[in-house]
Amino acid sequence: MADTTANAPACDVDGTCYCPLTGVISTLSQKYAIQLVSIIGAHDSLRFAEIEAHLPTASTSTISKRLDEFEEAGLVSRTQYNEIPPRVEYALTEDGDELRTRLEPLLEWAASTE
C-alpha cells in the first residue's frame, strides 16, 4: 500500500524516489564502500596500492570502481602528479570526511555487537 502521509517522499511516474537518503544508501551499500571511506579517512591521502593493501580480499576493479563512484559523488578527491612513474593519491573531500564522522557511531555499534 502506498504511503499517503503529507511527508511521503515524492516519486516520479517511473517510481524513482527523491528521498534524500536514496543516493546515500545506494552509494554506501556497494561492496567495500564503508570500508573505503574509513580507510581513506584514517590517512591524509593514500595511493591506490596502499588502499589495496588494506583490502586484500577486494579486486582491483572493484576498488577502482568504488573510487570512481566516490569521486563522482564528491566524497573522494583524486590527485594525479605528473611524475615518472605516475603517482595518484586519493583523499576524502569535506563531504567525505563528514560522512566518515557520521559513520563512526554506526561502526562502533557494529563492533560492540560482534
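A few points on the structure. (Residues numbered from 1 in each chain as written. Predicted model: local features only at pLDDT ≥ 70, side-chain atom pairs only at ≥ 80, totals over all residues. Heavy atoms only, no water.)

### Structural notes on the pattern of salt bridges
To keep it simple, the criterion reads: We define a salt bridge as a side-chain nitrogen of Lys or Arg found within 4 Å of a carboxyl oxygen belonging to Asp or Glu. Here a strand is any run of E in DSSP of at least two residues, a helix any run of H or I of at least four, and the numbering for each starts at the N terminus. Any residue under 20% of the maximum accessible area for its type is buried, any over 50% is exposed, and the rest in between are partly exposed; the area is computed with a 1.4 Å probe on protein chains only.
Within this structure, the stated rule accounts for five salt bridges. With a closest N to O distance of 2.8 Å, Arg66 and Glu69 form a salt bridge. Of this pair, Arg66 and Glu69 both sit in helix α4 (residues 60–73), three residues apart, which is roughly one turn of that helix. Classification of Arg66 as buried rests on a relative accessible area of 5%. The exposure class assigned to Glu69 is partly exposed, which follows from its relative accessible area of 27%. Ionic pairing is found between Arg102 and Glu98, a salt bridge with its closest N-O pair at 3.0 Å. Within this pair, Arg102 and its partner Glu98 are both found in helix α5 (residues 94–112), separated by four residues, close to a single helical turn. On the basis of relative accessibility, which here comes to 59%, the residue Arg102 falls in the exposed class.

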